[in-house]
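Okay, here's what each chain looks like letter by letter:
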Amino acid sequence: MDSIEDIFESSLKLEETHFNDGYDEGYADGLISGKEEGQQVGLKTGFEIGEELGFYRGCVDVWNSAIRVDPNFISARMQKTIKQMDELLHSYSILEPEKESGSDMIDALRLKFRGICASLNMKKLEYIGYPKTSDVEF
């Protein structure tokens, strides 16, 4: 009787062994592919953020140059907003992208940018790298 139970027990353990081996192999493969995917997503996201920050930096530099040439070109209130934008750009921590304040800063930059463009009647100037709400489909 013990020999019959041993036969069935080895069959049950064989299935369990294969299941555990498959799980371990799948888990190891998942870790590798997860790291690769995470690296690619991080690189893409970092590039997009850097591109947008560079766009705003260029706009601020052009506006500051125009102010130096003609201080009356932009109202004092808009000059203050441009200065705030400049400060936000300088304080953005590129080396610590995990900081929660980063997305808040990007949102503040977008808002200030739209305000300045509206004040200057610059309807055609926009950063086209991020989707507009009208472009997002659900």
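Relevant structure appears above.
Quick caveat: nothing in here was measured; it's all calculated off a predicted structure.

Undergrad: What am I meant to see in helix α2 (residues 76–91) here?
TA: Each full turn of the α-helix corresponds to 3.6 residues, which orients residues three or four apart in the same direction. Given a rise of 1.5 Å per residue, 16 residues ought to cover 22 Å, and the 22 Å separating the end C-alpha atoms of α2 matches this to within 8%. Every buried residue belonging to α2 is among Met-78, Thr-81, Ile-82, Met-85, Asp-86, Leu-88 and Leu-89, and all of these are buried. Relative to the axis of α2, the buried residues are bounded by an arc of 160° and lie together on one face. Of the exposed residues in α2, the ones pointing more than 90 degrees away from its buried face are Ala-76, Arg-77, Lys-80, Lys-83 and His-90.

Undergrad: Got a minute to help me understand helix α3 (residues 101–119) in this structure?
TA: In a regular helix each residue adds 1.5 Å, so 19 residues correspond to 27 Å; α3 covers 27 Å between its end C-alpha atoms and thus fits that length. By the burial criterion, the buried members of α3 are Gly-102, Met-105, Ile-106, Leu-109, Phe-113, Ile-116 and Cys-117. Take α3 and look down its axis: the buried residues cluster within an arc of 100°, on one side only. Relative to its buried face, α3 has exposed residues pointing more than 90 degrees away, namely Asp-104, Leu-111 and Ala-118.

Undergrad: Help me understand the pattern of salt bridges in this model?
TA: Once the charged atoms of two side chains with opposite charge are near each other, the side chains can pair. Scanning all chains against the criterion turns up five salt bridges. The shortest N-O distance in the salt bridge between Lys-44 and Glu-48 comes to 2.8 Å. Taken together, the residues Lys-44 and Glu-48, both in helix α1 (residues 2–69) and four residues apart, mark about one turn of the helix. Measuring nitrogen to oxygen at the nearest pair gives 3.6 Å for the salt bridge that ties Arg-110 to Asp-107. Here Arg-110 pairs with Asp-107, and both are found in helix α3, just three residues apart, close to one helical turn. A relative accessible area of 21% means that Arg-110 is categorised as partly exposed. What makes Asp-107 partly exposed here is its relative accessible area of 43%. Residues participating in the shared-partner salt-bridge network are Glu-52, Asp-107 and Arg-110.

Calculation notes
Residues numbered from 1 in each chain as written. Predicted model: local features only at pLDDT ≥ 70, side-chain atom pairs only at ≥ 80, totals over all residues. Heavy atoms only, no water. Helix = DSSP H or I, 4+ residues; strand = E, 2+ residues; numbered from the N terminus. Expected span 1.5 Å × (residues − 1). Buried < 20%, exposed > 50% of the residue type's maximum accessible area, 1.4 Å probe, protein only. Arc of directions from axis to C-beta. Salt bridge = Lys/Arg side-chain N within 4 Å of Asp/Glu carboxyl O.

Everything listed here is a matter of coordinates, which is why it stays silent on function.
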